[in-house]
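Fold and geometry: a report
Given next are the chains, with one letter for each unit.
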Amino acid sequence: MMKGLQPVTTGISKPKQKSNTEQIPFSLLCNTYEKRQELVPGPKAAGAFRERPTKPTNFRKFYERGDFPIALEHDTKGNKIAWKVEIEKLDYHHYLPLFFDGLCETVHPYEFFARQGVHDMLEHGGSKILPVIPQLIIPIKNALNTRNHKVLCTTLKVLQHLVVSADMVGEALVPYYRQILPVMNIFKNKNLNSGDGIDYSQQKRENVGDLIQETLEAFERHGGEDAFINIKYMVPTYESCMLN
Amino acid sequence: MSSTSPQPKSMMRPTQWSEQVEEAYRFQLAGYRDELEYKKFQKTDNVDRWPHNGYVKKLTRRDGCFYYYNKTRECPDKEISKTKIYTY
């Protein structure tokens, strides 16, 4: 052993034995709340469930500029979009991410057009959807991150539609679970405990907790063999709907 | 509508949903009486249909816009009695 590393005796004396009476820290001695006989306030809310403000979307800009080949129907059955161009001829790389971007919207007519436009394009896209998946992740993530009840419900339903819209789409989403699932993990237990009362959101399919459970199950069913372990990694309370 | 198109003899309003009602609902949503009138107006012989169940998939409206329909039932309960089924 080298000389320099040998223990050197110093002049510092050994630590004294602890006295029986523990020393009270100074910060406790001068506790102002105690002095004023007030309750100590708890920590601030972290705000995990708080709604986040949204920036104006590209979808709104494009709609107002008249860039979309769609027309609004002013009839009593206002649940359809009239397309001015056949959907089969649309450039999915351009339009599908734009419509997904509009999922953050909460006001009419943007909200309606985005929701219905996505629905129509997914229903009739077929093999054109799969190559666009990477471009859809950021709009989906933004929509979920708004933590707005309405936006969450719409986005979850869209995700359920997306995984069944074409072959291999479910598998293609697995690498992006890290972006999509954190918000689902937060809201997974958002379920009203009304005892034996009626929770009307269940009838209207607006119960976020139930929708998340359905969505995760759809992901697992269509995501191939790696889906479950990846979901479990992001949402630890999720139990498989196929293995049990 | 041209005067040569065949005129229906009678019309009935359904009370229950059926595939026939669904068919009529889809054409009437797009502004046509039924398949006959659609083919006559568009001067075409084929209607785009879903391959698995034969429901109407795509229709062209009178103004040239396109309506796209779902794979599954679209006619809501409240619209059943408003749908008209024509016989010739």
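In this text the structure is predicted, and so the values were computed from the model without any measurement. (Residues numbered from 1 in each chain as written. Chains lettered and ligands numbered in written order. Predicted model: local features only at pLDDT ≥ 70, side-chain atom pairs only at ≥ 80, totals over all residues. Heavy atoms only, no water.)

1. Examining the overall build of chain B
Our working rule: Secondary structure elements are taken from DSSP: a helix is a run of H or I of four residues or more, a strand is a run of E of two residues or more, and numbering for both begins at the N terminus. Radius of gyration: C-alpha atoms only; globule rule: 2.2 Å multiplied by the number of residues to the exponent 0.38.
Along its length, chain B carries 3 helices and 5 strands. Mapped from its N terminus to its C terminus, chain B presents α and β elements in the order β-α-α-β-β-β-α-β. Relative to the compact-globule value of 12 Å for 88 residues, chain B shows a C-alpha radius of gyration of 13 Å, a close match. Seen along its three principal axes, the alpha-carbon backbone of chain B occupies a region of about 35 × 30 × 20 Å.

2. What about helix α9 (residues 177-187) of chain A?
Working note: α-helix, 3.6 residues per turn, so residues spaced by three or four point in the same direction. Residues and elements named next belong to chain A. How we decide: Exposure classes here rest on a 1.4 Å probe applied to the protein chains alone. A residue is buried below 20% of its type maximum, exposed above 50%, and partly exposed in between. The arc under discussion is defined with respect to the helix axis, by the directions toward the C-beta atoms. Only heavy atoms enter the contact rule, under which two residues are in contact if any of them lie within 4.5 Å.
Three or more residues of α9 are buried, namely Y177, I180, L181, V183, M184 and F187. Burial along α9 is one-sided: seen end-on, the buried residues are contained in an arc of 155°. Considering only its buried residues, α9 is in contact with α6 (133-145), α7 (149-165), α8 (169-173), α11 (208-222) and α12 (227-234).

3. What to know about the interface of chain B and chain A
Reports often express the size of an interface as the amount of accessible area lost when the parts come together. The test is simple: Buried area counts how much accessible surface, traced with a 1.4 Å probe, disappears from two parts once they are put together, with both parts' losses summed. The term salt bridge refers to a pairing of a side-chain nitrogen on Lys or Arg with a carboxyl oxygen on Asp or Glu at a separation within 4 Å. As used in this structure description, the phrase polar contact means that two N or O atoms lie within 3.5 Å; if the pair is within protein, one of them must be able to donate a hydrogen and the other to accept it, and residues adjacent in sequence are counted only when both atoms belong to side chains.
Of the residues lining the interface, 15 residues belong to chain B; the matching set on chain A comes to 16 residues. Broken down residue by residue, the surface that chain B buries against chain A is led by B:F66, B:Y67 and B:Y68, which jointly contribute 41%. Taken together, chain B and chain A are joined by 3 salt bridges. Between A:K80 and B:E74 there is a salt bridge, with the nearest N and O atoms lying 3.1 Å from each other. The interface formed by chain B and chain A contains 9 residue pairs in polar contact (both at pLDDT 80 or more). If you list the elements that add at least two residues to the side of chain B that touches chain A, you get α1 (19-29), β3 (56-60) and β4 (66-68) of chain B.

4. Brief notes about the environment of B:R73
Residues and elements named next belong to chain B. Tracing the chain through its elements places R73 in the loop between β4 and α3 (77-80). For the pair R73 and Y55, spaced 18 residues apart in sequence, the C-alpha separation works out to 8.5 Å. Excluding residues within four positions of it along the chain, R73 makes contact with W17, E22, R26, Y55 and I80. A distance of 2.8 Å separates the side chain of R73 from the backbone oxygen of C75, its partner in a polar contact. Looking at R73, its side chain comes within polar contact range of the side chain of D77, at 2.8 Å.

5. Side note on α1(B)
All names here are of chain B. When α1 is considered as a whole, its buried residues turn out to be V21, E22, A24, Y25, R26, F27 and L29. At its buried positions, α1 is contacted by α2 (35-42), β2 (48-49), β3, β4, α3 and β5 (85-87). Positive phi shows up at G31, right after α1, with a value of about 95°.

6. Examining the packing of aromatic side chains
All names here are of chain A. This is how the line gets drawn: By convention, a stacked pair of Phe, Tyr or Trp rings (six-membered ring in the case of Trp) has centres within 6.5 Å and planes under 30 degrees apart, an edge-to-face pair has planes over 60 apart, and any other such pair is tilted.
Applying the stated criterion across every chain, the model contains 16 aromatic pairs over all chains. Both rings, one in Y63 and one in F113, keep their centres 5.2 Å apart while their planes meet at 35°; by these two values the pair is tilted. Of this pair, Y63 sits in helix α3 (residues 58-65) while F113 sits in helix α5 (residues 110-125), placing them 50 residues apart in sequence. For Y63, a relative accessible area of 23% gives the class partly exposed. Summarising the aromatic geometry, the rings of F228 and Y238 are spaced 6.2 Å apart at their centres and angled 50° between planes, so their arrangement reads as tilted.

7. Quick word on empty space enclosed by the protein
Residues and elements named next belong to chain A. Cut-off, in case you're wondering: In the cavity and pocket records, a cavity denotes points on a 1 Å grid over the protein atoms alone where a 1.4 Å probe fits but cannot get out, a pocket denotes an open set with protein on both sides within 12 Å along at least 5 of 7 lines, and lining residues are residues with an atom within 4 Å of a point. Grid points are joined across faces, edges and corners, and a volume is the space filled by probe spheres set on the points.
Scanning the model with the defined rule gives 1 cavity of 30 Å³ or more in all. Empty space within the largest cavity amounts to approximately 40 Å³. If you trace the largest cavity, you find it lined by G102, L103, E105, E111, A114, R115, V151 and T154. Among the elements of the structure, α5 and α7 are those that each provide at least two residues to the lining of the largest cavity. If one sorts the elements of the lining of the largest cavity by residue count, α5 sits on top with 3 residues.

8. Observations regarding the layout of surface pockets
Leftover empty space is mapped by rolling, across the atoms, a probe with the size of a water molecule. Residue and element names in this part refer to chain A. Condition: Three classes are used: nonpolar for Ala, Val, Leu, Ile, Met, Phe, Trp, Tyr, Cys and Pro, charged for Asp, Glu, Lys and Arg, and polar for all others, with Gly counted as polar.
Put simply, the largest pocket is a space of about 640 Å³. Elements represented by at least two residues in the lining of the largest pocket include exactly α5 and α7. Tallied by class, the residues present in the lining of the largest pocket amount to 5 nonpolar, 8 polar and 7 charged. R52, P53, T54, K55, P56, T57, N58, D101, C104, N142, N145 and T146 are the residues that line the second largest pocket. A breakdown of the residues in the lining of the second largest pocket according to their chemical character gives 3 nonpolar, 6 polar and 3 charged.

Treat this as a map of the structure, not an account of what it does.
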